[in-house]
Structure formats: C-alpha cells, structure tokens
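Close look at the chain arrangement
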2 protein chains.
Amino acid sequence: MRATGNEGSLAQAVIRRFNLLRPLSEEAVAALEQAILEGLFRAGPGEDLVVEGDPVDSVRVVLSGWLFRHKTLEDGRRQIVNFILPGETCDAYAYLLPAIDHSITTATPVAYAEIKRSRFEKLMASDRTLAEAFLCETALNNAIQREWAINLGRRAALEKVAHLFCEIYERLRPVGLIDGNSCGFPVTQMDLADATGLSVVHLNRTIQELRAAGLITLRDRMLTIPDLDALKSAALFSPGYLQLYSKG
Amino acid sequence: MRATGNEGSLAQAVIRRFNLLRPLSEEAVAALEQAILEGLFRAGPGEDLVVEGDPVDSVRVVLSGWLFRHKTLEDGRRQIVNFILPGETCDAYAYLLPAIDHSITTATPVAYAEIKRSRFEKLMASDRTLAEAFLCETALNNAIQREWAINLGRRAALEKVAHLFCEIYERLRPVGLIDGNSCGFPVTQMDLADATGLSVVHLNRTIQELRAAGLITLRDRMLTIPDLDALKSAALFSPGYLQLYSKG
DNA sequence: CGCTCGGTTGACCGGACTCAAATCCTGTGG
DNA sequence: CCACAGGATTTGAGTCCGGTCAACCGAGCG
C-alpha cells in the first residue's frame, strides 16, 4: 500500500542508525532522506513483502515495525532466520541474484521505503559514505547470521531464548526503541519458537523458566529485562558481533 | 607464508567461478589475475588465518584447499558456521567493520591470494563487473548462511548431514573439483559434528546410517555420492539458494 | 614401541519433542 | 452486554532423539 500520511520523521531512525554504521556526509543524509520520502509504503501485519523464489528489483528500508526473514521445508517445518527491525535494510544487493532465497513477512504494521534498483545504484555512485554504509549493513547482517548459526547449533534452549532477547534488545537500542529497561516485543511464541529452533511447547516452558529466574518479564507484547548483565551471562552473550552498535 | 612456486594456474578456479557469478569483462579478468599473482600465500593445515576480534585489512581469495569459519563459546562449545572452498572469498568487505566476528582456520594446506584493502578498493572502482561479482559473492554467502540456519534449527540429524554433503558437493562443482560422482572431502568427523551442531558420537552414527542406506561412501577423505537425487531427497535439499551455480 | 589422533561401539541418560487438552484473550456479531 | 470463534498461551503425560561417558581400535609417527 502506498503511504499517504506525513511520515517524514520516520526516516530519522534510519538516518541515526546509518550514522552509527558509517558517519554520513550531509549530502548523503539529504539524498537518502529524499529517496526514502519518494518511496514510502505501509503494510499490515502478516503480509509477505517478498516470497522465496521471487526476483527482487529494489532495496527496502524499514522505518517502523518488525518483520522477519524465514524459510520453510517441503513438509512445513519453518525457520525464522532473522528479524528485521526499524532502521534496518531488507535486502541491499539482493537484486544482484536472479531470485531471493527466503521470504520476508511483516510481524506488525510496517512502514518502509522502497528504492528501485536504478535509483539505488545512482545513490551509491553519488556518495561514498552512503555506499559504505550499505556495505556495512550487509557485512553486519552477515555477522548476525553467523551468530544465529552458533545459537541454533550449540546453545541450550534457555541460552537460545535468552540470547535472542539480548540481541534484539541491543539492536533496538540505537534506534531509540528501548524505554528504561523495556522494549516492545510484538512477536508470538510460535514465531519465537521458529526463530530458536524449538517447539512451541518447549519454548513456552523455557520462557517460564526465564521468568521464574527473574531474568525477564514478557507480557502484553512488552519485554522487560531487569538485569541485562544477568541475562547476557545466562545467554553466553558476547556483543562483539554487534560491535558497530556499541559505538553509539 | 609467502608463496614462491609458480601457481599462476591456480587463479583459474577463481576466475571460472567469478565468471559464473557475474560475467567478467576481459579487463576485469586480467586485473583480478594480476592482483592475485601479486599476493600469493600458502598455509599449512590447522592454521588460523583470522581470529575472532582481529581487525581485518585485506580481502583473501582461496585458490586451493579448504578452510572453515567458526565461533566458540566461553565454555569451549564450537560451531563451524561455514566452509570456504577453492575459488571462494574469505572476507570481502570485512575490513569495513572494526573487528571480525569469527575465526577462519585452514582444514588442509591452502593457497590463497591476499589483496590489501586499498588495492581492492581500486580494483572495485576500476571495473563494474568485478565490483558486482564481489557483491554477488557476498550476497550468495549470506544466502548460504541462512540455509545453514534452517539446517541447524529444523532438520533432523540425518537430514543435516546429508544436506551438508549435498551443499558442499554442489559448491565444488563449478570449480571442477567433482570427479565422476566423487570429490575430496578433507574434514574430520569432529569438524562435521561442529558444522551440523551434533556430537561427534552421534555424527558418527548418522554417517553410518547414510552409508548403510547406500547414500554415500566416505573413506580416506573421499566422498562418493552414487545417487545424488536420492541424497538430496533424504536431505530435503532444494538448490535454489545456490542458484548462481546452477547456471554453470 | 608407545603416543596421539581419528574413528567406532556400548550403555545410559535427559532435554526437547509430540500429542492432547484446558485456559485465556481478543475481536466480532447479535 | 453477552455469546462465540479463533488464536495464543499454558499444562500434563509419555516418548525418543541425540547427548554424555567410557572404552577400544587402528594408523601414523617420533
């Protein structure tokens, strides 16, 4: 759906985050803002923005709302391979491959900007800092994906869930979505199960274990972490792979 | 170790594979070959090329031999998050981040080319097809990493191992390392266990199961797949995510 | 010859899964 | 305002896949 409201301020999250990745020149900020405003869209929850196998011809930047990337096996088993949070990019450079390998679905109402390939390439050519920011975004995304591999392959259930909470929390921080020691967390337990490779039932029990240990509160789509260090330690979380954010 | 022998021909695997990713202009091929020849190195098995936390200041391209990317938890649990095979790139754009999030270790003797960042950036600026090829490499790498997520999170032990065999096999094909229905497979069962998120003991039993089913032969560092379709079907392997290779 | 490393086997255990049902919540229509 | 439907969360019981621990074998090597 083409967006019609006045959401100029939404671009701020993207700009702020990109500036942490790579300090942008003034011209870069202006150009990016302009490109975003030209291609504003909105989507409701549960909509597929991209489906596995589609060709992709644009780059999308998320202004608000949560999405996730996921893949499904023939028999229906599903894995959420990552979340996409406000300020993050959906698929820089995905247009270079003939088809995309995974689907992207909204978890909440979402506002995003769509930049057509040709427009995007002109942008990249026009400003070096901007080009580097998008490359950083891709490299960072890659690093996060690797951390998910060890999360899925080697951590125990409680550690997996705790780790996911820590990561999301830290990724929300630079875009100003942390409020005190809480943040919105608009994801069902089924999604959480598919993101951690657990069954819904076991995920539920694991969450209760985290609650019982006083490590988190999760209620009404709101996550509270009373003692972040304690949760990180329970998760064996080491923030190195998100390092870019720590500068902010 | 700086390489001294005459390995000009080694660059061919890289060129051939890159040409599949993105057809290179003649000048691009020449420039890339030149850059490779300028920075040839060799390493023995079990050497760390990069260690988690290091800053990276160059791009490496593998000419021969296998390596793997891995991460380790405080308590020693290890996850191999990917293999790096001949013709593949170690860490394009990793220099944009202040430190690398994972280690890279050789599994066999390896020949590789190291291209310093400044040299690499000049190369990228000089030829568009070359720049796109490296971007493709990064995007593809990202897609593979996502497939590993579903492998680790949602497939059963036998499927995991079968899937890994299928993927490696298909990745070796474009660089001409498949011979009949066999390929070299210079990896210990411990490494395979860490790549699939299984224990060594269970991995061993899973391999025996695959052998008993007639799906593979694995002996003397040599993998034979008598019926690739059968193995793919046991693995729930769908090659879409490696699509670039299928064109070759 | 003895050591080490990789592969193999056996016995046992337990974490996570499955199946099934109950409860809670929310939005909707009467 | 209430009844109801559908989805999300929770609980219980039983099972099994994959982990752990421990021992043994075989090949290469100093």
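Treat the numbers as computed from the prediction; the structure is a model and nothing was measured. (Residues numbered from 1 in each chain as written. Chains lettered and ligands numbered in written order. Predicted model: local features only at pLDDT ≥ 70, side-chain atom pairs only at ≥ 80, totals over all residues. Heavy atoms only, no water.)

Describing the protein's contact with DNA strand D
Surveying the vicinity of DNA strand D reveals 17 residues, the closest of which are A:Gln189, A:Asn204, A:Arg205, A:Gln208 and A:Arg211. Close to the protein, within 4 Å, the atoms of DNA strand D belong to sugar or phosphate groups at a rate of 66%. Between DNA strand D and A:Gln189 there is a distance of 2.7 Å, counted from a phosphate oxygen to a side-chain nitrogen or oxygen. Note that a phosphate oxygen of DNA strand D is positioned 2.8 Å from one of the side-chain N or O atoms of A:Arg211. Those elements that provide at least two residues to the surface near DNA strand D are helix H6 (189-196) and helix H7 (200-212) of chain A together with helix H7 (200-212) of chain B. (Near = heavy atom within 4 Å. Polar contact = N/O pair within 3.5 Å; in protein donor to acceptor, adjacent residues only side chain to side chain. Helix = DSSP H or I, 4+ residues; strand = E, 2+ residues; numbered from the N terminus.)

Notes on the environment of A:Ala107
For A:Ala107, the position within the fold is in the loop between strand S6 (103-106) and strand S7 (110-116). When residues no more than four places from it in sequence are discounted, the contact partners of A:Ala107 are A:Pro45, A:Trp66, A:Leu67, A:Phe68 and A:Pro186. (Contact = heavy atoms within 4.5 Å.)

Some details on the packing of aromatic side chains
Summed over all chains, the structure comprises 24 aromatic pairs over all chains. Geometrically, the ring pair formed by A:Tyr93 and A:Phe120 is edge-to-face, given 5.9 Å between the ring centres and 70° between the ring planes. Remark: A:Phe120 occurs in helix H3 (residues 117-126) and A:Tyr93 occurs in the loop between strand S5 (78-84) and S6; sequence separation between them is 27 residues. When its relative accessible area of 0% is taken as the criterion, A:Phe120 is described as buried. Aromatic pair B:Phe18 and B:Phe134: ring centres 4.9 Å apart, planes at 70°, arrangement edge-to-face. Remark: B:Phe134 occurs in helix H4 (residues 128-154) and B:Phe18 occurs in helix H1 (residues 11-21); sequence separation between them is 116 residues. Each member of the pair B:Phe18 and B:Phe134 is classed as buried. In textbook terms, an aromatic cluster arises when at least three aromatic residues are bridged by ring pairs, as seen for A:Trp66, A:Phe68, A:Phe83, A:Trp148, A:Phe165 and A:Phe185. (Phe/Tyr/Trp six-rings, centres within 6.5 Å; stacked < 30°, edge-to-face > 60°. Buried < 20%, exposed > 50% of the residue type's maximum accessible area, 1.4 Å probe, protein only.)

Comments concerning the domain arrangement of chain A
Residues and elements named next belong to chain A. With domains assigned, chain A is organised as domain 1 (8-141) and domain 2 (155-246). Just the C-alpha atoms count here: the centres of domain 1 and domain 2 sit 23 Å apart. Taken together, the contacts link 20 residues of domain 1 with 23 residues of domain 2. Summed over the shared surface of domain 1 and domain 2, the result is three salt bridges. Across the salt bridge formed by Arg78 and Asp191, the nearest N and O atoms sit 2.9 Å from each other. For the pair domain 1 and domain 2, the interface holds eight residue pairs in polar contact (both at pLDDT 80 or more). Of all elements in the fold, only helix H1 (11-21) and S5 reach the threshold of two or more residues within the side of domain 1 that touches domain 2. Sorting elements by how many residues they give to the side of domain 1 that touches domain 2 places S5 first, with six residues. Tallied by class, residues from the side of domain 1 that touches domain 2 come to twelve nonpolar, four polar and four charged. (Domains from an automatic or database assignment. Salt bridge = Lys/Arg side-chain N within 4 Å of Asp/Glu carboxyl O. Nonpolar A, V, L, I, M, F, W, Y, C, P; charged D, E, K, R; others polar.)

Here we look at the interface of chain B and chain A
Accessible area lost when the parts come together is the quantity often used to give the size of an interface. Taken together, the contact pairs 49 residues of chain B with 49 residues of chain A. Three residues, B:Leu96, B:Arg146 and B:Arg154, lead the burial of chain B against chain A; their summed loss comes to 18% of the area buried on that side. For the pair chain B and chain A, the number of links is ten salt bridges. The interface formed by chain B and chain A contains 24 residue pairs in polar contact (both at pLDDT 80 or more). Elements with a minimum of two residues in the side of chain B that touches chain A: strand S4 (67-72), strand S5 (78-84), helix H3 (117-126), H4, helix H6 (189-196) and helix H9 (243-246) of chain B. Partitioning the side of chain B that touches chain A into residue classes produces 21 nonpolar, ten polar and 18 charged. (Buried area = accessible area lost by both parts, 1.4 Å probe.)

Some thoughts on the UniProt feature "domain: HTH crp-type" (unreviewed entry) in chain A
Those places that UniProt annotates as "domain: HTH crp-type" (unreviewed entry) correspond, in this numbering, to residues 155-229 of chain A. Note that residues 155-229 of chain A is 52% helix and 15% strand, and that its end C-alpha atoms are spaced 18 Å apart. (UniProt positions renumbered as here; feature names shortened; annotations may be inferred.)

As for the layout of surface pockets
The space that makes up the largest pocket amounts to roughly 690 Å³. What lines the largest pocket is a set of 23 residues, and nearest its centre among them are A:Met124, A:Ala131, A:Leu135, B:Ala131 and B:Leu135. Broken down by secondary-structure element, the contributors of at least two residues to the lining of the largest pocket are H3 and helix H4 (128-154) of chain A together with H3 and H4 of chain B. Of the residues in the lining of the largest pocket, the class split is 15 nonpolar, no polar and eight charged. (1 Å grid on protein atoms, 1.4 Å probe; cavity = no way out; pocket = protein on both sides within 12 Å on 5 of 7 lines; lining within 4 Å. Points joined across faces, edges and corners; volume = space filled by probe spheres on them.)

What to know about the protein's contact with DNA strand C
Among the 16 residues in the neighbourhood of DNA strand C, the closest are listed as B:Gln189, B:Asn204, B:Arg205, B:Gln208 and B:Arg221. Counting only atoms of DNA strand C within 4 Å of the protein, the sugar-phosphate share comes to 66%. A distance of 2.7 Å separates a phosphate oxygen of DNA strand C from a polar atom in the backbone of B:Gln189. Contributions of two or more residues to the surface near DNA strand C are made by H7 of chain A together with H7 of chain B. The leading source of residues in the surface near DNA strand C is H7(B), at five residues. Among the residues making up the surface near DNA strand C, the classes are represented as five nonpolar, seven polar and four charged.

Section: the pattern of salt bridges
Residue and element names in this part refer to chain A. For the structure shown, the criterion picks out 42 salt bridges over all chains. Here Arg117 ties to Glu121 by a salt bridge, and the two come within 3.3 Å at their closest N and O atoms. With Arg117 and Glu121 both in helix H3 and four residues apart, this pair spans about one turn of that helix. You can call Glu121 partly exposed: its relative accessible area is 22%. Note that Glu167 and Arg171 form a salt bridge whose closest N and O atoms lie 2.7 Å from each other. You can see Glu167 and its partner Arg171 sitting in helix H5 (residues 157-172), four residues apart, about one turn around the helix.

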